[in-house]
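Below, each chain spelled out in residue letters.
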4 protein chains.
Amino acid sequence: MIVVMEKHATEEQVSHMVEKVEALGLKAHVIVGAERTVIAAIGDKREETKQSLESGAGVSAVMPILAPFKVASREVKPEPTQVKTGSLTIGDGVLGVIAGPCSVESEEQIIRSAQAVKAAGATALRGGAFKPRTSPYSFQGLKEHGLQLLAAARDATGLAIVTEVMGTDDVDLVARYADVLQIGARNMQNYRLLEAVGGAGKPVLLKRGPCATMEELLLAAEYILNEGNPNVILCERGIRTFETHTRFTLPLATVPYLRQITHLPIVTDPSHGTGHTRLVPDMAAASIAAGADGLILEVHPDPENAMSDGYQSLNFQQFEQTMELCRKVAEALGKKMGAAVPVA
Amino acid sequence: MIVVMEKHATEEQVSHMVEKVEALGLKAHVIVGAERTVIAAIGDKREETKQSLESGAGVSAVMPILAPFKVASREVKPEPTQVKTGSLTIGDGVLGVIAGPCSVESEEQIIRSAQAVKAAGATALRGGAFKPRTSPYSFQGLKEHGLQLLAAARDATGLAIVTEVMGTDDVDLVARYADVLQIGARNMQNYRLLEAVGGAGKPVLLKRGPCATMEELLLAAEYILNEGNPNVILCERGIRTFETHTRFTLPLATVPYLRQITHLPIVTDPSHGTGHTRLVPDMAAASIAAGADGLILEVHPDPENAMSDGYQSLNFQQFEQTMELCRKVAEALGKKMGAAVPVA
Amino acid sequence: MIVVMEKHATEEQVSHMVEKVEALGLKAHVIVGAERTVIAAIGDKREETKQSLESGAGVSAVMPILAPFKVASREVKPEPTQVKTGSLTIGDGVLGVIAGPCSVESEEQIIRSAQAVKAAGATALRGGAFKPRTSPYSFQGLKEHGLQLLAAARDATGLAIVTEVMGTDDVDLVARYADVLQIGARNMQNYRLLEAVGGAGKPVLLKRGPCATMEELLLAAEYILNEGNPNVILCERGIRTFETHTRFTLPLATVPYLRQITHLPIVTDPSHGTGHTRLVPDMAAASIAAGADGLILEVHPDPENAMSDGYQSLNFQQFEQTMELCRKVAEALGKKMGAAVPVA
Amino acid sequence: MIVVMEKHATEEQVSHMVEKVEALGLKAHVIVGAERTVIAAIGDKREETKQSLESGAGVSAVMPILAPFKVASREVKPEPTQVKTGSLTIGDGVLGVIAGPCSVESEEQIIRSAQAVKAAGATALRGGAFKPRTSPYSFQGLKEHGLQLLAAARDATGLAIVTEVMGTDDVDLVARYADVLQIGARNMQNYRLLEAVGGAGKPVLLKRGPCATMEELLLAAEYILNEGNPNVILCERGIRTFETHTRFTLPLATVPYLRQITHLPIVTDPSHGTGHTRLVPDMAAASIAAGADGLILEVHPDPENAMSDGYQSLNFQQFEQTMELCRKVAEALGKKMGAAVPVA
């Protein structure tokens, strides 16, 4: 921690801060500059220390020099993590594609979707049974019945199932059906839920909150990893900015940035990240070029009549074309699109 | 709903959309303009409709014309809601001030705080027992013991207790001790939790998420109101923007804007909204001038040694001065700062 | 400057950076921490240094510890600057109110406006003759004729004139008529224009760009101050954020923050800052409570028929009520609303 | 234009608005809905109309239905514009790469840079002679001498020159040396400058301002196009958001979005868009995959000792690798990287 004193800080204020740093069990190192005095506090690890020092009299700023996340850090584990479950392999050079409708609506809809996305090369099926909706008056999902239909789709196609869990009370139920538990963007800092899925024994797809920093995302992952669950997939799904021509702004620099500091696999969600079907294929290809370990995409047999998110869903043909585009880019970069396992 | 067709949309596309609008049970009204055709869809109320129409071929944009929230709307209930519980009255011309430390740390700390904030004019005590922390390695609160200390502080001073609840499993426990249940910014769209506090029979202080729109905030309130709980206090606590000289950006126009569209009381949180003790007094006064129904402020006996948020906490003397400043502004505007009830 | 090395930086990399720091004429101070090495570079003043150090191998981050602005800094000039010109006094305890239409439209319109805002207590008249418009197809102002009408309004009322200058070619012309040259938000980083107005011998009202940081605003002021012009008034007019219920987000914490680091006076612009007439009065009052040295407000005889910005303009009666509200707040805080001088 | 009345708007208010719409020369079409009345104003084209209608009593919102830009619109000119000048061809399937140092520093530096970027496949040379710098104390460029050095580099390599012009007074001078005039992000809404470069007879590279909307960017282009200059290249260089791990947020969805609504070519600037050398190669490749017509990249012989922007510049080897990566992606998508013309 670096404590920068104010320009006119008194010697007493400097001494007080030195004592304070030492009282925290750290070694203080005073550097008297031409215009300001700076105190280096060596040995520190905790966020609390920063906060404690910041409120000292005469202090202008306190700058931490250690990243606060640990288990997720590449400095701790340099080799990339690969998450494998059923038909889905993701990370360490293998690209996974999770595709399917926003909401599970009916047996026919979900099974047709599973078959179509599998045929086009998807390696897992997504579909919402518990839907977090901004308005209490919107369709909230088929709940357990939706989970049963997802399981039926897995039986029919062999595709692993990725589905969202919204509350701690539902974790056991969802984990009985799903292969990967999804934490939605709104719940990225629902710490009780993070702890619960950390203990559920299933891989977790953790979506970035629309105004979460990289540090907050990695610390949210840390809540899960700390429960002993090493299988966390990070997902960039767009942030909230002043832009209005897209539903969110999809910042693809997230991908190489995270790649350099964490060993966890990273996927992007161009469907939510743009909010417009027409922008999805190009942003899917761009994600692969940016180095993403995979994609999560909304695909619906009939987007115009979808019960949710139709405006950002691909139909089967559009999904096929998107996969074709992504495959070309992946191959050009020497990467492998994971193929779904055949039904046994 | 207004459906704007693309410039070169064909007659077939227009006819298709008209059928679609009618299939949704709405009345379609076609307006052929100089450059584009527009279809007014009359009678619509649901978010799903917008989504369904947006994905139609030839459609350029769909614009809703009805606000999606209902129970919170001033169009439905024109008169302002006043929330009353114990020493706290807030709304309809009465200003409430909720003050106290970020975290409950010890019996002495919370009781001294309660006495000091009461003496300076606060009408409720805040204090965190369950703390949502960005890092799993930070202090997480004293949990039930913290609640017991808050109850002791209420016994000692008569101040109503406002404290956060983080998970559905804790709602019953927290509701046994608290007078007002606080939903933190990170949980503003934790719908399970909103439903749970909606049914807990206690007023709720709902903090705006740092990238939530007004519509999302009001729809989150709607989740609580829909459970039959009319006592919701909205709280503006700052949004995330590109600014870095403050922890968040505190947008006070929220106050008159919400005042005009909802009957619910609105308070601001200048402590989190700025993140710097030095900016809190002026922003508290500005909040009152903007028309806020009250404030929630972090106050600590010794901010420099606080276990959390010391850098944005007022000490007792600073709180007194802040209250003095706010009282002057309130009186100038003909408003009444609520006084805490004396201990019986 | 503090240079933070990467966790696994080699001794060679550290030595290289030490040499580099010394080659820049700075004193290097190496601090070996538990997990990382940090180098303090003492004596530095220039932005270039930071950039130069940042690209060194093994460097994780470089953190400046000195504010880059000088002449605008309160550390350099602790006493507040008061700007005085004709009827307008602003700063150091005196509140100035600049009011008038967005655009000068006709002699009758500007003279009626000047009389009305003066009667209600404004101390200067605003009005645009050169209008920067997002679209080339929008009304661009009456240009020199507009300036002549402003001068006529000054003759009629004694009010000082504040008007925008858009290009270097127009500086002399505008300076012949205006008392204060306004730099619009879009031109905050038009450095040629800043230099030109710095040399024009008239006070300058510098509007914050909608995504400018505090540092960028103060460095823009520095461009003007460096030309020998000490009379700069800073103006907060709202930033661009994800919010859509207001045209911009007006962050009032700017006011106390700037007050603490610069001696220059600070006004706010609640008209542009909110974009809605209905929100202007409360945000004007909140600005005064936050400590602003004044206001700039759009006022029009007939907002519904204004050629620009009618939706955010006050009519005469609304302006009177707003002034009344602000006067109450100012008096409560012991401040003086400046009164316009009578016509000689 | 669609005028949405308030829920409780009176018949008088509706009649008043109808008259007003008709007074503006538009046809009014009243639609009485279940809960609200809506007026369609047919025939409208101007921004002023929207503003005028918005301030009417009883009006809740006014929604424009026509895009305000014209000449830049693909609805007006469906076929893509290709800009050609000297060695640079950009647009309509041909990718151009503009590379070189942030600032021109010396003859040796710029000529070595030109040779290196040409060898690696760049089709134009960038380099700043007039530098807009946030601080007046930073290096401001070599000015005309810098332009002469750029011309020497063109003589030596045949590469077209892209360089920034900061003020109207410099347009003639810069146009004498440059092949493409660059408008920097800070000047995107410096309308005098846009008009001046519109008349200078050279292609213009127009950078998006860091908080400009798509509409504002296209209307800025419209200022140039309206002067009779059809050769405008749009450049996405990142927007300002809450993110701090990158200098700006580079929103690549800009590329397919603009592609669909304008015929102008679109390049991206991954150097400024990320602010970190390490993130540039992946974001360059992602830009090509997203459909960009080209790139503008900062390349320096010795980034560590660059006079500006070293932390985001590629060295020659990194640039070669980046080009290699981009070429693979371009070929996979069937696109052609333009090759620089040989020196005659």
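About the criteria used
Residues numbered from 1 in each chain as written. Chains lettered and ligands numbered in written order. Predicted model: local features only at pLDDT ≥ 70, side-chain atom pairs only at ≥ 80, totals over all residues. Heavy atoms only, no water. Domains from an automatic or database assignment. Helix = DSSP H or I, 4+ residues; strand = E, 2+ residues; numbered from the N terminus. Contact = heavy atoms within 4.5 Å. Polar contact = N/O pair within 3.5 Å; in protein donor to acceptor, adjacent residues only side chain to side chain. Buried < 20%, exposed > 50% of the residue type's maximum accessible area, 1.4 Å probe, protein only. UniProt positions renumbered as here; feature names shortened; annotations may be inferred. Salt bridge = Lys/Arg side-chain N within 4 Å of Asp/Glu carboxyl O. Nonpolar A, V, L, I, M, F, W, Y, C, P; charged D, E, K, R; others polar. Least-squares fit on C-alpha atoms with pLDDT ≥ 70 in both. Buried area = accessible area lost by both parts, 1.4 Å probe. Axes fitted to C-alpha atoms, helices over the stretch in contact; angles between N-to-C directions. Parallel < 35°, antiparallel > 145°, perpendicular 65-115°, else oblique. Left-handed = near helix turned anticlockwise from the far one by under 90°.

Chain A is annotated in an unreviewed UniProt entry as Phospho-2-dehydro-3-deoxyheptonate aldolase from Lignipirellula cremea.

Split by domain assignment, chain A resolves into domain 1 (2–63) and domain 2 (83–337). Here domain 1 of chain A and domain 2 of chain A have C-alpha centroids that lie 44 Å from each other.

Turning our attention to the environment of Gln140(D). Along the polypeptide, Gln140(D) turns up in the loop between β8 (124–126) and α4 (144–157). In this view, Gln140(D) contacts Tyr223(C), Ala129(D), Phe130(D), Lys131(D), Arg133(D) and Ser135(D); residues no more than four positions away in its chain are not counted. A polar atom in the side chain of Gln140(D) sits 3.5 Å from the backbone oxygen of Pro136(D). At a separation of 3.0 Å, a polar atom in the side chain of Gln140(D) contacts the main-chain carbonyl oxygen of Ser138(D).

So, on to unusual backbone geometry. At Lys143(C), a residue that is not glycine, the phi angle is positive and equals roughly 55°. Assignment of secondary structure puts Lys143(C) in the loop between β8 (124–126) and α4 (144–157). A positive phi is found at Asp92(D), a non-glycine position, where the angle reads about 55°. Tracing the sequence through the fold places Asp92(D) in the loop between β6 (88–90) and β7 (94–100). On the basis of relative accessibility, which here comes to 47%, the residue Asp92(D) falls in the partly exposed class.

Here we come to the side chain of Thr241(A). Turning to its location among the elements, Thr241(A) is positioned in the loop between β12 (232–236) and α8 (254–261). For Thr241(A), a relative accessible area of 8% puts it in the buried group. Filtering out sequence-adjacent residues up to four positions away, Thr241(A) remains in contact with Thr249(A), Phe242(C), Ile239(D) and Thr241(D).

On to the UniProt feature "domain: DAHP synthetase I/KDSA" (unreviewed entry) in chain A, then. Here the UniProt feature "domain: DAHP synthetase I/KDSA" (unreviewed entry) sits at residues 87–332 of chain A. Each end of residues 87–332 of chain A is marked by a C-alpha atom, and these two atoms are 24 Å apart; helix forms 39% of the span and strand 16%.

Contacts between chain C and chain D engage 54 residues on the former and 54 residues on the latter. Connecting chain C to chain D are six salt bridges. A salt bridge links Asp170(D) to Arg192(C); its shortest N-O distance comes to 3.2 Å. Where chain C meets chain D, there are 26 residue pairs in polar contact (both at pLDDT 80 or more). Of all the secondary structure elements, the ones that give two or more residues to the side of chain C that touches chain D are α1 (11–23), α2 (47–54), α6 (191–198) and α7 (214–225) of chain C. A total of five residues in the side of chain C that touches chain D trace back to one element, the largest contributor, which is α2(C). A per-class count over the side of chain C that touches chain D returns 18 nonpolar, 19 polar and 17 charged.

Before going further, it helps to spend a moment on helix α10 (residues 280–290) of chain A. All names here are of chain A. Within α10, nine of the 11 residues are buried, which leaves the element mostly enclosed by the surrounding structure. Residues of α10 that are buried include every one of Val-280, Met-283, Ala-284, Ala-285, Ala-286, Ser-287, Ile-288, Ala-289 and Ala-290, and no others. Immediately beyond the C-terminal end of α10, within one or two residues, lies Gly-291, with a positive phi of roughly 105°.

Bringing the relation of the copies chain C and chain D into the picture now. At an RMSD of 0.0 Å, chain C and chain D line up after a rotation of 180° and a shift of 0.0 Å along the axis. Taken together, the rotation and translation describe the operation of a two-fold axis. Minimal C-alpha distance to the rotation axis in chain C is attained by Cys211(C), lying at 3.0 Å.

To continue, consider the environment of Gln318(A). Residues and elements named next belong to chain A. Tracing the backbone through its elements, the reader meets Gln-318 in helix α11 (residues 316–332). Sequence separation of Gln-318 and Arg-278 is 40 residues, and the distance between their C-alpha atoms is 9.4 Å. When sequence neighbours within four positions are dropped, the list of residues in contact with Gln-318 reads Thr-277 and Ser-313.

Turning next to the interface of chain D and chain A. Taken residue by residue, the interface counts 36 residues in chain D and 36 residues in chain A. For the pair chain D and chain A, the summed buried area comes to about 2700 Å², and 73% of that belongs to carbon and sulfur atoms. In this assembly, chain D and chain A are joined by two salt bridges. With a closest N to O distance of 2.7 Å, Arg208(A) and Glu243(D) form a salt bridge. At the junction of chain D and chain A, the tally comes to four residue pairs in polar contact (both at pLDDT 80 or more). Elements that contribute at least two residues to the side of chain D that touches chain A include exactly α8 (254–261), α10 (280–290) and α11 (316–332) of chain D. Among the elements that line the side of chain D that touches chain A, the one with the most residues is α10(D), at six residues.

Packing of α10(A) against α10(D) brings their axes to within 7 Å, and their N-to-C directions diverge by 155°. As the angle between them shows, α10(A) and α10(D) are arranged roughly antiparallel. α10(D) is crossed by α10(A), and the crossing has right-handed handedness. Where α10(A) abuts α10(D), its residues Asp282(A), Ala285(A), Ala286(A), Ala289(A) and Ala290(A) lie against Asp282(D), Ala285(D), Ala286(D), Ala289(D) and Ala290(D). A class-by-class count of the residues in the contact of α10(A) with α10(D) yields eight nonpolar, no polar and two charged.

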